[in-house]
Amino acid sequence: MENKIYHHPVQIYYEDTDHSGVVYHPNFLKYFERAREHVIGSQRLDQLWKEQGLGFAVYKANMTFQDGVEFAEICDIRTSFVIDGKYKTLWRQEVWRPNAKRAAVIGDIEMVCLDKNKQLQPMPESIIQLLSKP
């Protein structure tokens with residue numbers, strides 16, 4: 001079964017770049033975070049934190065840089081994921097430049113569910129159901 005791909009546009013601002021006009025590499029983690037937030041929904045994440053004291057944290061991140069992304073481009077962050085047990089999700093996120101033939105940056109991100117004491121917790125059933133929808 002093929003995973004659904006979510007799309008999130010990101011405008012590259014001057015502040016995102018280094019002296020050469022290319023995106024400074026840690027900023028891709030911010031773009032990936034924003035795109036994941038759009039998949040689940042910020043209101044749902046806020047409610048989960050306030051009502052159940054649960055949130056998500058990056059456990060592991062592996063990034064591959066294949067092409068520079070430049071100032072003023074509008075890139076497509078393509079996101080897919082799989083649920084990997086009751087505690088963890090695995091996210092594949094790619095940054096696509098306009099008219100590109102391959103992803104400029106690929107991120108493989110492992111997320112875990114934690115409580116307010118930073119203790120590992122099973123993902124809530126409501127989140128599993130949301131993420132399991134085709």
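Values in this document were obtained by computation on a predicted structure and should not be read as measured data.

A. Broad picture of the overall build of the protein chain. Helix and strand content of the protein chain: three helices and five strands. Counting from the amino terminus, the protein chain carries its helices and strands in the arrangement β-α-α-β-β-β-β-α. With the C-alpha coordinates aligned to their principal axes, the bounding extent of the protein chain is approximately 45 × 35 × 25 Å. Counting over 134 residues, the protein chain shows a buried share of 40%.

B. Expanded view of the packing of aromatic side chains. In this structure the tally under the stated criterion is five aromatic pairs. Each ring, one from Phe-28 and one from Phe-65, has its centre 5.9 Å from the other, and the planes form 55 degrees; the classification is tilted. Here the residue Phe-28 occupies a position in helix H1 (residues 27-40), and Phe-65 occupies one in strand E2 (residues 54-65), the gap between them amounting to 37 residues. Phe-65 sits in the partly exposed class, given a relative accessible area of 45%. Ring geometry for Phe-81 and Trp-91: centres 4.8 Å apart, planes at 40 degrees, overall tilted. Remark: Trp-91 occurs in strand E4 (residues 88-96) and Phe-81 occurs in strand E3 (residues 74-84); sequence separation between them is ten residues. Residue Phe-81 is classed as buried on the basis of its relative accessible area, which comes to 9%. Residue classification places Trp-91 among the buried residues on the basis of a relative accessible area of 4%. Here a set of aromatic residues connected by ring pairs shows up, and it is made of Tyr-6, Phe-81 and Trp-91.

C. Inspection of the pairing of strand E5 (residues 105-115) at higher detail. Of all eleven residues in E5, ten are buried, a share of seventy percent or more. Sheet analysis places E2 next to E5, joined by eleven bridges and oriented antiparallel. The partner of Gly-55 across the bridge, within E5, is Leu-114. Pairing of E4 with E5, which is carried by eight bridges, proceeds in the antiparallel orientation. Residue Gln-93 lies in a different strand from E5, and its bridge partner there is Gly-107.

D. A look at the confidence of the model for the protein chain. Scored by pLDDT, the protein chain comes out at a mean of 94, with 99% of its residues at no less than 70. Mean pLDDT across the secondary structure elements of the protein chain bottoms out at helix H3 (residues 125-132), with 86, and peaks at E5, with 98.

E. Layout of the nonpolar core. Core analysis: the largest hydrophobic core is formed by 27 residues, its most contacted members being Phe-28, Phe-32, Val-69 and Val-95. For this core, the elements supplying multiple residues, two or more each, are H1, E2, E3, E4, E5 and H3. Per element, the largest residue contribution to this core is six residues, and it comes from H1. Beyond its immediate sequence surroundings of up to four residues, Phe-28 is in contact with Val-23, Met-63, Phe-65, Val-69, Val-95 and Val-105.

F. Quick look at the side chain of Asp-16. Summarising the element assignment, Asp-16 is placed in the loop between strand E1 (6-11) and H1. Despite its burial, Asp-16 pairs with no opposite charge, the nearest such side chain being Lys-30 at 4.6 Å. Sequence-distant contacts of Asp-16, that is, excluding residues within four places in its chain, are made with Gln-11, Val-22, Val-23, Tyr-24, Asn-27 and Tyr-31.

Calculation criteria
Residues numbered from 1 in each chain as written. Predicted model: local features only at pLDDT ≥ 70, side-chain atom pairs only at ≥ 80, totals over all residues. Heavy atoms only, no water. Helix = DSSP H or I, 4+ residues; strand = E, 2+ residues; numbered from the N terminus. Buried < 20%, exposed > 50% of the residue type's maximum accessible area, 1.4 Å probe, protein only. Phe/Tyr/Trp six-rings, centres within 6.5 Å; stacked < 30°, edge-to-face > 60°. Pairing = 2+ DSSP bridges. pLDDT = per-residue confidence, 0-100. Core = buried A, V, L, I, M, F, W, Y, C linked by side-chain atoms within 4.5 Å. Contact = heavy atoms within 4.5 Å. Lys, Arg positive; Asp, Glu negative; His and termini not counted. Salt bridge = Lys/Arg side-chain N within 4 Å of Asp/Glu carboxyl O.

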